[in-house]
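Notes for the structure review
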Amino acid sequence: TVASLRRAVDLRTGVSMSSEMLVAFVNQALQEYAMHANWPWLTTTQALVGDGTADFDLNAAVVQIESVEVDGEPSFPLSQAEVDTWDRYPTRNGYGWSVAGSVVTFAPTPVSGVTVTVRYRRTEPVVADDDDTFLLPAVHEPMLAALVAAYVCERVNDTRAVWYRNQARDALRNMEKSALRT
């Protein structure tokens, strides 16, 4: 949780920091790590049931769509222009999709009751409160605490910032070795 990370950073730095500033650093560190690699905990599959509309909201910050199926059949990516002009080509088969933010738009519009399964990579959600949790597994929270401590120390011109950055970098390398094994 944010509260446990706050305690870890306070123990490391001893620097007094406003809650808003600390949460901003936590979010910055989470995004930095999330964008570093295709972490397995950021990939998810969501099944949605069609309601007769073309748009499906995944309610997450989508980084990359890995696959989309409609009733178990693969569909294919389209540009937004192709989605918008789909009805001009009545001989096309199957479904195509385009994504903008967290919304996947289909062409043609799926009928009510179809199952759409989307596998995608997302970013860490923004945290704001002490009881908010991370997608990052708890075993990697010390690495997150080290990076946030580096941000805190940089903010107050504390020379320990370099040491914490190195600690976070080393932990990231270890995380890559364990989490991205094939």
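1. Some details on helix α1 (residues 2-13)
For α1, spanning 12 residues, the distance from its first C-alpha to its last is 16 Å, which sits close to the expected 16 Å at 1.5 Å a residue. Buried residues of α1: Val 2, Ala 3, Leu 5, Arg 6, Val 9 and Thr 13, and no others. All buried residues of α1 lie within an arc of 160° about the axis, which places them on one face of the element. Opposite the buried face of α1, at more than 90 degrees from it, the exposed residues are Arg 7 and Leu 11. As for α1, its buried residues are in contact with α2 (19-34), α4 (141-155) and α5 (160-179).

2. Some words on the environment of Met 143
Looking at the element boundaries, Met 143 is found in helix α4. Excluding its chain neighbours within four sequence positions, the residues that come into contact with Met 143 are Tyr 33, Leu 136, Ala 168, Ala 171, Leu 172 and Met 175.

3. Side note on the packing of aromatic side chains
If you walk through the whole model with that rule in mind, you get 4 aromatic pairs. Their ring planes at 80° and their centres at 5.3 Å tell us that Phe 56 and Phe 106 sit as a pair that is edge-to-face. You can see Phe 56 sitting in strand β2 (residues 55-57) and its partner Phe 106 sitting in strand β7 (residues 103-107), a full 50 residues away along the chain. A single burial state applies to Phe 56 and to Phe 106, both of which are buried. Considering the side-chain rings of Trp 163 and Tyr 164, the 5.1 Å spacing of their centres and the 70° angle between planes classify their relative orientation as edge-to-face. Taking the relative accessible area as the measure of exposure, Trp 163 reaches 52% and is therefore exposed.

4. Re the pairing of β7
With 4 of 5 residues buried, β7 is to be regarded as a mostly interior element. In terms of strand pairing, β2 meets β7 through 3 bridges, oriented antiparallel. Looking across to β7, one finds that Asp 57 is bridged to Val 103. What sits between strand β6 (residues 96-100) and β7 in their antiparallel hairpin is a turn of 2 residues, with Gly 101 showing a positive phi close to 65°.

5. A word on the side chain of Thr 43
Relative to the assigned elements, Thr 43 resides in strand β1 (residues 43-49). With residues near it in sequence (within four places) discarded, Thr 43 still touches Glu 66, Arg 119, Tyr 120 and Arg 121.

6. Topic: the pattern of salt bridges
Inspection of the entire model under this criterion finds 6 salt bridges. In this structure, Arg 165 engages Glu 154 in a salt bridge whose closest nitrogen and oxygen atoms are separated by 2.7 Å. Placement of the pair is Arg 165 in helix α5 and Glu 154 in helix α4, with a sequence separation of 11 residues. Glu 154 sits in the partly exposed class, given a relative accessible area of 35%. Between Arg 173 and Asp 170 there is a salt bridge, with the nearest N and O atoms lying 3.6 Å from each other. Taken together, the residues Arg 173 and Asp 170, both in helix α5 and 3 residues apart, mark about one turn of the helix. Under the relative-accessibility criterion, Arg 173 is labelled partly exposed at 44%. Classification of Asp 170 as partly exposed rests on a relative accessible area of 37%.

The rules behind each value
- Residues numbered from 1 in each chain as written.
- Predicted model: local features only at pLDDT ≥ 70, side-chain atom pairs only at ≥ 80, totals over all residues.
- Heavy atoms only, no water.
- Helix = DSSP H or I, 4+ residues; strand = E, 2+ residues; numbered from the N terminus.
- Expected span 1.5 Å × (residues − 1).
- Buried < 20%, exposed > 50% of the residue type's maximum accessible area, 1.4 Å probe, protein only.
- Arc of directions from axis to C-beta.
- Contact = heavy atoms within 4.5 Å.
- Phe/Tyr/Trp six-rings, centres within 6.5 Å; stacked < 30°, edge-to-face > 60°.
- Pairing = 2+ DSSP bridges.
- Salt bridge = Lys/Arg side-chain N within 4 Å of Asp/Glu carboxyl O.

Nothing here speaks to function; it is all geometry.
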